[in-house]
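The chain contents come next:
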Amino acid sequence: MIATRNSLYTRLVVRIGVVLAISAIVLLIAIWLATRFAANQAYDRILTGNALQIAENTWYQKNSVTVDVPIAALSLLAPGDKAFYAVIDPDGRTVAGDIDFKPVIPWDKLKDGPVLYDDTYGGYPVRIAIVGRRMPVAGPHPWAVIVLAQTKTARLSFAKSLTTNAFLVTLVMGILTIIAAMFTLYQALSPLTEIERAISKRDPHELSPLSLDAPVEIHALVTTVNEFMRRLAMHQAVTRRVIGEAAHQLRTPVTALLSQIELLSMQTQEDKKQTHLARLRTLTHDLGSLVNQLINHAMVQQRAETTPMTTIDLAELVRTEMAEILSNHAERNLNIAMTAPDEPCLVKGDTTTLREAVKNIIENALQYGAVSLLHVEIVRKQKNWELRFIDDGPGIPSGDWRRVRKPFSARSGGRSGASLGLSIVQEVMRAHKGKMQFALRETGLFMVILIFRAQG
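Residues numbered from 1 in each chain as written. Predicted model: local features only at pLDDT ≥ 70, side-chain atom pairs only at ≥ 80, totals over all residues. Heavy atoms only, no water.

Caption draft 1: Structural detail: the overall build of the chain. Secondary structure assignment for the chain yields nine helices and 14 strands. The C-alpha atoms of the chain give a radius of gyration of 50 Å, which is well past the 23 Å a tight globule of 456 residues would have. Its C-alpha atoms put the chain at 165 × 55 × 35 Å along the principal axes. Counting only residues that meet the buried cut, the chain has 34% of its 456 residues in that class. Expressed as a percentage of contacts within the chain between residues at least 6 apart in sequence, the contacts between residues at least 24 apart total 63%. When the accessible surface of the chain is split by element, carbon and sulfur atoms take 59% of a total near 27,400 Å². Looking at charge distribution, the chain has the averaged site of its 50 positive side-chain charges lying 2 Å from that of its 42 negative ones. (Helix = DSSP H or I, 4+ residues; strand = E, 2+ residues; numbered from the N terminus. Rg over C-alpha atoms; globule rule 2.2 N^0.38 Å. Buried < 20%, exposed > 50% of the residue type's maximum accessible area, 1.4 Å probe, protein only. Contact = heavy atoms within 4.5 Å. Areas by Shrake-Rupley, 256 points an atom, 1.4 Å probe, with all protein chains shown as cover. Lys, Arg positive; Asp, Glu negative; His and termini not counted. Charge placed at Lys NZ, Arg CZ, Asp CG, Glu CD.)

Below you can see the structure in the form of structure tokens.
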């Protein structure tokens, strides 16, 4: 069962919205800092300019500092702000302005130009500009100092106004961007809806590839779906063929069995009854063998698609299977031998289907091949293991080597059965990405060779 999660469309919209929200927050913080910096610079220039105007109207006359404060120097400051000023002579006396307004004077920095810093006066946060004008006097501080302070209400209000306007613009643009993104995503994801419609409209038995103009980003998805349908179609074709051929193979022995039963029921002579009974036993045995082969063939095909491979010692598997099979043929006078390297013959495989393949080859050799000799060899050939089954029987004619790999192929020599033994072996080797080969030795011995990819 497939678990249902939020739609891809919703997830993309949410993620884009989160990215835009984070970007907007970062942008607003940057705008706030930038506007405060710009406002401070602008207001600092005005404040410094006004202080310089007062300094220009300050002079030394008759052994004292005289100042004529221009009205414009204070009127140009921002409305709504409070302004404080003081003019201090070289002796530290206030000659103009607020007598109580005496901030700390950085005497050593006056020669470098106006000095600006933040402070508090009268309970207000203020920005202070200090300008020094050199006087013709002797002493450690030959400066007339002009101190001009302004509260920070206007500059903060200006920065807030700019930030608020930027916030409104960002909010409107963000909403418009989200709407545009939703529409764009809907259009961008429409090919997925087309794929859904194309598949849902299909007949359940229609497995031909989808024919769609898919964007590059989902072309791999369409290709994967087409490849899956191709494999499913191939699997269904094989299943239909096997079922059809199995039905055909079963029809003949079942019909013969029914005929023998009918003949037996009509027979009155004892010797003829025994003949029919013997025929019934043979037909029943053949039918049981055919059913077993059909079941094994289906089992091999099913396990090839679903069973994971494990590391197997090929020599140990073959040795165990030979001992089990040959125990039922102890009465036969056969030269039986198995040779294998001392090292483990490791391969990746499925124990159940490999045992079935080995069993079919050995039983075929015992039933149709080996007269007096049956040898098994395991040989390392570069990166492969070769499992060889050798007997002294007539073998399979080279002209039939291709045919006997297919299920239900015609059997030579009047043999009964469905010819599934070697086709099962072929199916097992295909699932293990190996090969089944046939060969004749110079001595006339026949070989069936299974080739596996070695592990390690």
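Caption draft 2: Here's a closer look at helix H8 (residues 351–369). The first and last C-alpha atoms of H8 sit 25 Å apart over 19 residues, in line with the 27 Å expected at 1.5 Å per residue. The set of residues buried in H8 consists of Thr353, Leu354, Glu356, Ala357, Val358, Asn360, Ile361, Ile362, Ala365, Leu366 and Gly369. (Expected span 1.5 Å × (residues − 1).)

Caption draft 3: Main features of the sheet that holds strand E7 (residues 143–151). With antiparallel pairing, the five strands of this open sheet are ordered in space as E4-E3-E7-E6-E5. The open sheet has two edge strands with one neighbour each: strand E4 (94–97) and strand E5 (115–121). Adjacent strand axes in the sheet meet at a mean angle of 25° when their direction is disregarded. Along the sheet, helix H1 (residues 8–56) contacts strand E3 (83–88), E5, strand E6 (124–134) and E7; its crossing angle with E6, the most-contacted strand, is approximately 40°. (Pairing = 2+ DSSP bridges. Axes fitted to C-alpha atoms, helices over the stretch in contact; angles between N-to-C directions.)

Caption draft 4: Here's a closer look at unusual backbone geometry. Look at Gln382: it is not a glycine, yet its phi comes out positive at around 55°. As for its position among the elements, Gln382 is in the loop between strand E11 (373–381) and strand E12 (384–391). Backbone geometry at Lys433 places phi at a positive 55°, although glycine is not the residue there. Tracing the chain through its elements places Lys433 in the loop between helix H9 (421–431) and strand E13 (435–440). Accessibility expressed as a relative area gives 75% for Lys433, which makes it exposed.

Caption draft 5: Region of the structure containing the pattern of salt bridges. Summed over the entire model, instances satisfying the criterion amount to 15 salt bridges. Ionic pairing is found between Asp89 and Arg93, a salt bridge with its closest N-O pair at 3.0 Å. Classification of Asp89 as buried rests on a relative accessible area of 4%. Its salt-bridge partner being Arg127, residue Asp118 comes within 3.1 Å of it at the nearest N-O pair. Classification of Arg127 by relative accessible area gives buried; the value is 15%. Connected through shared salt-bridge partners, Asp44, Asp118, Arg127, Lys152 and Arg155 make up one network. (Salt bridge = Lys/Arg side-chain N within 4 Å of Asp/Glu carboxyl O.)

Caption draft 6: Fine view of helix H7 (residues 314–326). Taking 1.5 Å of rise per residue, 13 residues should cover 18 Å, and H7 covers 18 Å from first to last C-alpha, within 8% of that figure. With a side-chain oxygen lying 3.2 Å from the backbone nitrogen of Ala315, the N-terminal cap of H7 falls on Asp313. (Polar contact = N/O pair within 3.5 Å; in protein donor to acceptor, adjacent residues only side chain to side chain.)

Caption draft 7: Fine view of the pairing of E13. Direction of pairing for E13 relative to strand E14 (residues 446–453): antiparallel, over a ladder of six bridges. Each bridged residue has a counterpart across the sheet, and for Leu440 the counterpart in E14 is Phe446. In textbook terms, the turn of a hairpin is the stretch between consecutive antiparallel strands, and for E13 and E14 this stretch comprises five residues, one of which, Gly444, has a positive phi near 95°.

Caption draft 8: Region of the structure containing the confidence of the model for the chain. When the pLDDT values of the chain are averaged, the result is 82; 91% of them are 70 or greater. By mean pLDDT, the top-scoring element of the chain is E12 (94), and the lowest-scoring one is helix H2 (residues 71–75) (67). Low pLDDT, under 50, characterises residues 413–417; the stretch is placed with six contacts to residues that sit more than four places away or in other chains. (pLDDT = per-residue confidence, 0-100.)

Caption draft 9: Structural context of the packing of aromatic side chains. This model, assessed by the stated rule, comprises six aromatic pairs. Note on Phe84 and Phe101: the rings are 6.3 Å apart at their centroids and 55° apart in plane angle, and the pair reads as tilted. Of this pair, Phe84 sits in strand E3 while Phe101 sits in the loop between E4 and E5, and the two are 17 residues apart along the sequence. Taking relative accessible area as the criterion, Phe101 reaches 2% and is therefore assigned buried. Here the aromatic rings of Phe84 and Tyr121 are separated by 5.0 Å at their centres, their planes lie at 80°, and the arrangement is edge-to-face. Of the two residues, Phe84 sits in strand E3 while Tyr121 sits in strand E5, which places them 37 residues apart along the sequence. Each member of the pair, Phe84 together with Tyr121, is buried. Members of the aromatic cluster, connected to one another through ring pairs, are Phe84, Phe101 and Tyr121. One Lys or Arg, Arg134, reaches over the ring of Trp143 and ends 4.6 Å from the middle of that ring. Over the ring of Trp385 we find Arg380; its NZ or CZ atom is 5.0 Å from the centre of that ring. (Phe/Tyr/Trp six-rings, centres within 6.5 Å; stacked < 30°, edge-to-face > 60°. Lys NZ or Arg CZ within 6 Å of the ring centre and 35° of its normal.)

Caption draft 10: Fine view of the nonpolar core. In this structure, Leu314, Leu387, Phe389 and Leu450 are the most contacted members of the largest nonpolar core, which totals 43 residues. For this core, the elements supplying multiple residues, two or more each, are helix H6 (270–306), H7, H8, E11, E12, H9, E13 and E14. Those residues within four positions of Phe389 in sequence are excluded, and the remaining contacts are Val358, Ile361, Ile362, His375, Val376, Phe446, Met447, Val448 and Leu450. Judged by nonpolar contacts, the second largest core, of 15 residues, contains Leu110, Tyr121, Ile130 and Val145. (Core = buried A, V, L, I, M, F, W, Y, C linked by side-chain atoms within 4.5 Å.)

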